[in-house]
Amino acid sequence: MNKSTKLIIVLFAVAVPAIIVAVALTTGKSDAPSVDHNKHSAQEHEQAVQASTSAQNNGDASKQADAVQVEIKDYAYAPETITIKAGTTVTWTNKDSVRHDVVAKNMSINTPKSDLLAKGESYSFTFNKPGTYEYYCSPHPYMKGKVVVTE
Ligand code: CO
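Residues numbered from 1 in each chain as written. Predicted model: local features only at pLDDT ≥ 70, side-chain atom pairs only at ≥ 80, totals over all residues. Heavy atoms only, no water.

Asks: Run through the overall build of the protein, naming residues and quoting values.
Replies: A count of helical and extended segments in the protein gives three helices and eight strands. The helix and strand sequence of the protein, counted from the amino end, reads α-α-α-β-β-β-β-β-β-β-β. Going through the 151 residues of the protein one by one, you find that 32% of them count as buried. For the protein, the share of sequence-separated contacts (at least 6 apart) that also reach a separation of at least 24 residues comes to 50%. Surface accessibility of the protein: about 9300 Å² in total, with carbon and sulfur atoms responsible for 56%. (Helix = DSSP H or I, 4+ residues; strand = E, 2+ residues; numbered from the N terminus. Buried < 20%, exposed > 50% of the residue type's maximum accessible area, 1.4 Å probe, protein only. Contact = heavy atoms within 4.5 Å. Areas by Shrake-Rupley, 256 points an atom, 1.4 Å probe, with all protein chains shown as cover.)

Asks: Please set out the sheet that holds strand β6 (residues 122-127) residue by residue, giving values where relevant.
Replies: Two modes of strand pairing occur in sheets, parallel and antiparallel, and in both the strands are linked by backbone hydrogen bonds. The strand order β2-β1-β4-β6 describes an open sheet built from four strands, whose pairing is mixed. Each edge of the sheet is formed by a strand with only one pairing partner; in this case those strands are β2 (76-78) and β6. Averaged over all pairs of adjacent strands, the angle between their axes in this sheet comes to 25°, without regard to strand direction. Sheet topology note: the strand β1 (residues 67-73)/β2 ladder contains three bridges and is antiparallel. (Pairing = 2+ DSSP bridges. Axes fitted to C-alpha atoms, helices over the stretch in contact; angles between N-to-C directions.)

Asks: Explain the coordination of the cobalt ion to me, and be specific about the residues and the numbers.
Replies: Distances from the cobalt ion to its protein donors, namely His100 (ND1), Cys137 (SG), His140 (ND1) and Met143 (SD), fall within the range 1.9 to 2.5 Å. Each of the four donor atoms around the cobalt ion contributes to a set of angles spanning 95 to 125°, which defines the coordination as tetrahedral. Between consecutive donors of the cobalt ion, the numbers of intervening residues give the motif H-x36-C-x2-H-x2-M. In this pair, His100 sits in the loop between β4 (88-94) and β5 (103-104) while Cys137 sits in strand β7 (residues 131-137), placing the two residues 37 residues apart along the sequence. (Donors = N, O, S within 2.8 Å, 3.2 Å for Na, K, Ca; no water. Tetrahedral: all angles 85-135°; square planar, octahedral: opposite > 155°, others 65-115°.)

Spelled out as structure tokens, the structure:
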């Protein structure tokens, strides 16, 4: 391998991730709510990267738009805050050995309320109404999460 071949490989190694990040940041901005943008931009960025990665894998970005995964791990929801469009289904999966749940802080017909989830169990809820939904784990009320639903 000669010097210029190596240089081209190095350039690609740097440029390709930079382009992916730039695209993801642009996507994140367009979906971001006007409030708390700085606080949540890192998480939105992460979601955007995951979405673009998945879209590359299955070649269909539209399928990724209405399903979002949240892990319950180490007594925390990850990501703790997600921003989604109305109509999106969120699925929480417990990865801990201890049981956790998902309970809306202000409960209504439009808010999630799961049973206690054992390790490996999941709960899904579709958010149809725009708004900010805070939730917690009833056995561990210090475990908190937030779903921001945009139009
Ligand atoms: Co818990």
